[in-house]
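Structural overview for review
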Amino acid sequence: MNPARTRFPRASAPPPYAGGVDGPADGWHRIGPQTGVAVELAPGDRLTLLDPCGEQVSDLYLVRSDDVAEQFSSGRTTDFGNSIYVSTGSMLWSNRSGILAEVVDDTVGVHDLTLTPCSQATFDVLYPEFDGAPHPSCFANIVGALEPYGVDADRVGVTLNVFMDVWTDERGELHIDPPPTRPGDRFTIEAREPLVAAVTACSAEKSNNGRCTPIDYRVDAAPR
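**Some words on the sheet that holds strand β11 (residues 185-191)**
Through backbone hydrogen bonds, the strands of a sheet pair up, either in parallel or in antiparallel fashion. Ordered in space as β1-β13-β3-β11-β7-β6, the six strands form an open sheet in which the pairing is antiparallel. Only two strands of the sheet have a single partner each, and these edge strands are β1 (29-31) and β6 (91-93). For this sheet the average axis-to-axis angle between neighbouring strands, irrespective of direction, equals 30°. Relative to strand β7 (residues 99-106), β6 runs antiparallel, the two sharing three bridges. Paired with L92 across the strands is A101, a residue of β7.

**Overview of the pattern of salt bridges**
Taken as a whole and judged by the stated rule, the model has 13 salt bridges. Linking E70 and R64 is a salt bridge whose minimum nitrogen-to-oxygen distance equals 3.9 Å. A relative accessible area of 16% means that R64 is categorised as buried. For E102, the salt bridge is made with R192, and the minimal N-O distance between the two is 3.1 Å. Of this pair, E102 sits in strand β7 while R192 sits in the loop between β11 and β12 (195-200), placing them 90 residues apart in sequence. What emerges from the salt-bridge pattern is a single network uniting R64, D66, E70 and E193.

**Quick word on the pairing of strand β9 (residues 165-168)**
Note that β9 and strand β10 (residues 174-177) share four bridges and pair antiparallel. Counterpart to W167 in the pairing with β10 is H175. Counted along the chain from β9 to the antiparallel partner β10, the turn is five residues long, and its residue G172 has a positive phi close to 85°.

Calculation criteria
Residues numbered from 1 in each chain as written. Predicted model: local features only at pLDDT ≥ 70, side-chain atom pairs only at ≥ 80, totals over all residues. Heavy atoms only, no water. Pairing = 2+ DSSP bridges. Helix = DSSP H or I, 4+ residues; strand = E, 2+ residues; numbered from the N terminus. Axes fitted to C-alpha atoms, helices over the stretch in contact; angles between N-to-C directions. Salt bridge = Lys/Arg side-chain N within 4 Å of Asp/Glu carboxyl O. Buried < 20%, exposed > 50% of the residue type's maximum accessible area, 1.4 Å probe, protein only.

Here it is in structure tokens:
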């Protein structure tokens, strides 16, 4: 079992949510299955990612909008947080050891900092049943979302895999369990710097209990 489940136990059901399978609630936006978007955030803005159907991962990658060479670092986030797990109160650090954002709300407590975003190579190597056929991927969706901002594909590193349940056993072997999300579960960050957030509804069937569904999101602007 993933130790994050005991490190960040859930106390209650997710808050009510008026959206669902048919569409997002008012004030929310929908990321279709196996797609991604770019979201601009000013300092103090809050970005909430919500799973409207349950058992769906969302890959999140951050870059500074005023200097895109400064990007999210899972390694720095692990180093400075002294943990491979993040939840409410965790800081998300950059490759230049700056704080890009803070996690300010989390109804799940299970997220991953270890695995790279799925790519075409992921499906070529780990999904032999697809026989090398083209497949949507989080990597391609992140690259496409960030390309207008001048972010080169080779600069995109390990994402924060929101709602992804990855853990290791006593031999160090990785296990990926279905996301423990229920409809309405959510994860919120507050920007500390001007950011572009690339957000996906993950494309990898095995990470999402065999099916890929949407992710909803909302930006709450800081008082100006």
